[in-house]
2 protein chains.
Amino acid sequence: MSSPEHLKTIGLKATLPRLRILELFEKSPVRHLAAEDVYKKLVEEGTDSGLATVYRVLTQFEQAGLLVRHHFESGKAVYELNQGSHHDHLVCLQCGHVEEFYDAEIEKRQEKVAEERGFRINDHSLHIYVDCTKPACPRKGNP
Amino acid sequence: MSSPEHLKTIGLKATLPRLRILELFEKSPVRHLAAEDVYKKLVEEGTDSGLATVYRVLTQFEQAGLLVRHHFESGKAVYELNQGSHHDHLVCLQCGHVEEFYDAEIEKRQEKVAEERGFRINDHSLHIYVDCTKPACPRKGNP
DNA sequence: TTTGATGCAAATGTTTTGCATTGCA
DNA sequence: TGCAATGCAAAACATTTGCATCAAA
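Structure report, in brief. (Residues numbered from 1 in each chain as written. Chains lettered and ligands numbered in written order. Predicted model: local features only at pLDDT ≥ 70, side-chain atom pairs only at ≥ 80, totals over all residues. Heavy atoms only, no water.)

1. What to know about the nonpolar core
Part 1 of the reasoning: Within the largest apolar cluster, 24 residues are counted, with the highest numbers of intra-cluster contacts made by Leu-90 and Phe-101 of chain A together with Leu-90 and Phe-101 of chain B.
Part 2 of the reasoning: Elements represented by at least two residues in this core include exactly β4 (88–92), α5 (104–116) and β6 (120–131) of chain A together with β4 (88–92), α5 (104–116) and β6 (120–131) of chain B.
Part 3 of the reasoning: Residues within four places of Leu-90 of chain A in sequence aside, it is in contact with His-97, Val-98, Glu-99, Phe-101, Ile-128 and Val-130 of chain A together with Val-113, Ala-114, Arg-117 and Phe-119 of chain B.
Part 4 of the reasoning: Counting 20 residues, the second largest nonpolar core, distinct from the first, contains Ile-21, Leu-24, Val-38 and Val-57 of chain B. (Core = buried A, V, L, I, M, F, W, Y, C linked by side-chain atoms within 4.5 Å. Buried < 20%, exposed > 50% of the residue type's maximum accessible area, 1.4 Å probe, protein only. Helix = DSSP H or I, 4+ residues; strand = E, 2+ residues; numbered from the N terminus. Contact = heavy atoms within 4.5 Å.)

Shown next as structure tokens:
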């Protein structure tokens, strides 16, 4: 929920930009949004926020664990709502469509690789980049 | 080999900056270098090249398949010599040290994940981020 | 009221590009 | 010589920061 209380529990004032941004992630059919995307949507809906605020809020939300940040090949950071369950990403190189997946075996093997080398995993990112120039692409023709 | 012939076979003139950059990757004990790193090394060794040229050459080498580009969490792109064998990366969040690994099972499962969803893999990146605040870190105390 | 949050503009860091000059082939 | 490659400076992006103003508590 994007209630003011929720923000307060993580030590942040329930300001308009913060509420709107959280709401936006909760309602958007596209789970993965870049700062620019968020900014544009705020402008569209008339919430007059600055891009700097969007960046600051996204960073705070990530630190608070509300959002998760990813870096795909595009170069820009994208955020998605943190819904607890870890997953990796499959990204369309043509249209940017993102699908999530989880494979227990892959997770297990990563643990093993790190352990064998004497490291403890802090985090990981696995991105499978695919082509969507085929009928099955879920967002064919959509830039 | 970093011979002029090698460059010509990929359709590039054997210019000084190109030869030096290729040589640099072949001789460097640190396999993963960012554009800035390459530029600094060139300046150090007296080869007076511009940063723009370094970026152009790195891009060309990547397109020619001589180098492979990666984006770790640092935000900047790093390149490494393409020695044919695919591998993934384990990156120290503290010191930036990079280790390479290959796990056939992980590769296999990725294929499976993509196939199940009707995609053909174009590429993938798997980065395991670890902490090196422990005696076993191979580059402990090295920023 | 008081402190934290915002908006704007300027700064930063990385990468790209325009254009005149240089240098392989 | 001729066209590709270079160097420099400026532009283009994504992101961060300084600071005066504003608003939630």
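2. Focus: the relation of the copies chain A and chain B
Part 1 of the reasoning: Between chain A and chain B, the superposition needs a rotation of 179° and an axial shift of 0.0 Å, giving an RMSD of 0.1 Å. Considering both components of the superposition, the chain copies are consistent with a two-fold axis. In terms of C-alpha distance to the rotation axis, chain A has Leu-126 of chain A as its closest residue, with the C-alpha 2.1 Å off the axis.
Part 2 of the reasoning: Looking at chain A, 100% of its interface residues are interface residues in chain B too, so the copies touch through the same face. (Least-squares fit on C-alpha atoms with pLDDT ≥ 70 in both.)

3. Some points on α5 of chain B
All names here are of chain B.
Part 1 of the reasoning: Look at α5: 18 Å from first C-alpha to last across 13 residues, which is about the 18 Å you get at 1.5 Å a residue.
Part 2 of the reasoning: Taken residue by residue, α5 has Ile-106, Glu-107, Gln-110, Val-113 and Ala-114 as its buried positions. The buried side chains of α5 occupy one side of the element, clustering within an arc of 120° when seen end-on. Opposite its buried face, α5 presents the exposed residues Lys-108, Glu-115 and Glu-116, each directed more than 90 degrees away.
Part 3 of the reasoning: The opening residue of α5 is Asp-103, an N-cap whose side-chain oxygen sits 3.0 Å from the backbone nitrogen of Glu-105.
Part 4 of the reasoning: Of the residues flanking the end of α5, it is Gly-118, one or two places downstream, whose phi is positive at about 80°. (Expected span 1.5 Å × (residues − 1). Arc of directions from axis to C-beta. Polar contact = N/O pair within 3.5 Å; in protein donor to acceptor, adjacent residues only side chain to side chain.)

4. A short note on the sheet that holds strand β1 (residues 33–34) of chain A
All names here are of chain A.
Part 1 of the reasoning: Taken together, the 3 strands give an open sheet; going across it, the order is β1-β3-β2, and neighbouring strands pair in antiparallel fashion. Here the strands that pair on one side only, and so sit at the sheet edges, are β1 and β2 (67–71).
Part 2 of the reasoning: Pairing of β2 with strand β3 (residues 77–81), which is carried by 5 bridges, proceeds in the antiparallel orientation. Looking at the pairing, Leu-67 lines up with Leu-81 of β3. (Pairing = 2+ DSSP bridges.)

5. A word on the protein's contact with DNA strand C
Part 1 of the reasoning: Around DNA strand C sit 19 residues, and of these Thr-15, Asp-48, Thr-53 and Arg-56 of chain A together with Tyr-55 of chain B come closest.
Part 2 of the reasoning: Within 4 Å of the protein, the contacting atoms of DNA strand C are drawn from sugar and phosphate to the extent of 66%.
Part 3 of the reasoning: Here a phosphate oxygen of DNA strand C sits 2.7 Å away from a polar atom, N or O, in the main chain of Asp-48 of chain A.
Part 4 of the reasoning: The element best represented in the surface near DNA strand C is helix α4 (residues 51–63) of chain B, accounting for 4 residues. (Near = heavy atom within 4 Å.)

6. A closer look at the interface of chain A and chain B
Part 1 of the reasoning: Opposite the 32 residues of chain A that make contact, chain B presents 32 residues.
Part 2 of the reasoning: Run the count over chain A and chain B and you get 4 salt bridges.
Part 3 of the reasoning: Between Asp-103 of chain A and Arg-109 of chain B there is a salt bridge; the shortest N-O distance is 3.0 Å.
Part 4 of the reasoning: Counting across the interface, chain A meets chain B through 15 residue pairs in polar contact (both at pLDDT 80 or more).
Part 5 of the reasoning: Those elements giving two or more residues to the side of chain A that touches chain B turn out to be β4, β5 (98–101), α5 and β6 of chain A.
Part 6 of the reasoning: No other element matches the 12 residues that β6 of chain A contributes to the side of chain A that touches chain B.
Part 7 of the reasoning: The residue makeup of the side of chain A that touches chain B, split by class, is 15 nonpolar, 6 polar and 11 charged.
Part 8 of the reasoning: Here β6 of chain A pairs with β6 of chain B via 11 bridges, running antiparallel. Paired with His-127 of chain A across the bridge in β6 of chain B is Ser-125 of chain B. (Salt bridge = Lys/Arg side-chain N within 4 Å of Asp/Glu carboxyl O. Nonpolar A, V, L, I, M, F, W, Y, C, P; charged D, E, K, R; others polar.)

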